[in-house]
Amino acid sequence: MNKPKIVVMASGEGSLLQALLDQQKNLNYEVGMVLSDKKEARALARAQAATVPTQLLEPKNFESIDAWHFEILRTIQAANPALIVLAGFMRILPELIVLEFQNKILNSHPSLLPLFPGLNAVAQALAENVQETGATMHLVDQGVDTGPIVHQVTVKVLPQDTPEALHQRIKLAEQEALPKVVDLLVNNQWQVVGGKVVIDY
Ligand code: GRF
């Protein structure tokens, strides 16, 4: 039987994408396409190495930001995925896309939301001297990192941590959790109850 397909959107190194690619043989989903806004994103090379189709849509190649958004929309619609996964996609999706794919976009964010949303979440956590931080996998709504929470993982902050060292450990936790969360969402019924996702086991 065909596995549920996901589209992964990534702008950077792509270590979360790699975890999704590595785990697809053990879990019930398939990475059907990788979409990036950056030519130099290592995520694209990782997808190609795994013979997954890629789409490079760089905003600078479009007449307007609206035209770029529309092309993203059209590309995802054509792929018709069960879930869209933002794995280090460093842009905010417009209302047009969020509403079209309501409750179908999953983001992984490197903090325990609602703490430290937005950019530099790891540095923000360090600056606030928290003892632990982590990552949140949540559905995307129209706000920035505000959507219904699916899963969270905690990571201890160490006394000598730099933002880079802490982020590396958070990413390891994300790499472990994200494939399982994707598998859970695409293979189960679930509902959003009071701002979080509840799986109907
Ligand atoms: C992850 O920490 C994710 O939470 C954040 O960007 C990072 C992506 O890392 N949004 P990579 O590009 O997958 O290595």
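This structure is a prediction, so every number in the text was calculated from the model and none was measured.

K.L.:
Explain the overall build of the chain to me, using residue names and the numbers behind them.
P.N.:
Across its full length, the chain carries 6 helices and 9 strands. Taking 2.2 N^0.38 as the reference for a compact globule, 201 residues should give roughly 17 Å; the C-alpha atoms of the chain span a radius of gyration of 16 Å, in line with that estimate. Taken over the C-alpha atoms alone, the chain extends approximately 45 × 45 × 35 Å along its principal axes. Counting over 201 residues, the chain shows a buried share of 47%. For the chain, the proportion of contacts with a sequence separation of at least 24, taken over those separated by at least 6, is 60%.

K.L.:
Go over the site of the ligand with me, naming the residues and quoting the values.
P.N.:
Every residue lining the ligand is accounted for by Gly12, Glu13, Gly14, Ser15, Leu16, Gly88, Ser108, His109, Pro110, His167, Lys171 and Glu174. His167 has a polar side-chain atom sitting 2.7 Å from an oxygen atom of the ligand. Between Lys171 and the ligand, the recorded distance is 2.7 Å, taken from a side-chain N or O atom to an oxygen atom. When the ligand sits alone it has 370 Å² of accessible area, and the protein chains cover 91% of it. If you list the elements that add at least two residues to the shell around the ligand, you get α1 (15-23), β5 (105-109) and α6 (163-187).

K.L.:
Could you give me a rundown of helix α2 (residues 42-49), with the residues and numbers involved?
P.N.:
Listed as buried for α2 are Ala43, Leu44, Arg46 and Ala47. For α2, the buried positions fall inside an angular range of 160 degrees around the axis, keeping them on one side. In this structure, the buried residues of α2 make contact with α1, β2 (30-36) and β3 (54-56).

K.L.:
Break down the nonpolar core for me, with residues and values.
P.N.:
Ile6, Val8, Val31, Leu106, Val182 and Leu185 are the most contacted members of the largest nonpolar core, which totals 37 residues. Ranked by the residues each element gives to this core, the list is headed by α6, at 9 residues. In contact with Leu185, other than residues within four places in its own chain, are Leu83, Leu106, Leu139, Val150, Trp190, Val197 and Ile199. Listed in part, the 18 residues of the second largest apolar core include Ile84, Phe89, Ile105 and Val140.

K.L.:
Outline the pairing of β2, supporting the account with residue identities and numerical values.
P.N.:
In terms of burial, β2 is a largely internal element, 6 of the 7 residues being buried. With 5 bridges connecting them, strand β1 (residues 5-9) and β2 associate as parallel partners. Considered in β2, the bridge of Ile6 is made with Val31. Handedness of the crossover is the feature at issue here: the chain leaves β1, passes through α1, returns alongside β2, and the resulting connection is right-handed.

K.L.:
Let's hear about the packing of α1 against α2: which residues, and what values?
P.N.:
It is the contact of α1 with α2, at a shortest axis distance of 9 Å, that shows an interaxial angle of 15 degrees. Between α1 and α2, the crossing angle belongs to the class labelled roughly parallel. Taken as a pair, α1 and α2 cross one another with a handedness that is right-handed. Residue-level contacts link Ser15, Leu17, Gln18 and Leu21 of α1 to Ala43, Arg46 and Ala47 of α2. In the contact of α1 with α2, the residues fall into 4 nonpolar, 2 polar and 1 charged.

About the criteria used
Residues numbered from 1 in each chain as written. Predicted model: local features only at pLDDT ≥ 70, side-chain atom pairs only at ≥ 80, totals over all residues. Heavy atoms only, no water. Helix = DSSP H or I, 4+ residues; strand = E, 2+ residues; numbered from the N terminus. Rg over C-alpha atoms; globule rule 2.2 N^0.38 Å. Buried < 20%, exposed > 50% of the residue type's maximum accessible area, 1.4 Å probe, protein only. Contact = heavy atoms within 4.5 Å. Near = heavy atom within 4 Å. Polar contact = N/O pair within 3.5 Å; in protein donor to acceptor, adjacent residues only side chain to side chain. Areas by Shrake-Rupley, 256 points an atom, 1.4 Å probe, with all protein chains shown as cover. Arc of directions from axis to C-beta. Core = buried A, V, L, I, M, F, W, Y, C linked by side-chain atoms within 4.5 Å. Pairing = 2+ DSSP bridges. Right-handed = clockwise from strand over helix to strand, strands pointing away. Axes fitted to C-alpha atoms, helices over the stretch in contact; angles between N-to-C directions. Parallel < 35°, antiparallel > 145°, perpendicular 65-115°, else oblique. Left-handed = near helix turned anticlockwise from the far one by under 90°. Nonpolar A, V, L, I, M, F, W, Y, C, P; charged D, E, K, R; others polar.

These figures come from the coordinates and say nothing about function on their own.
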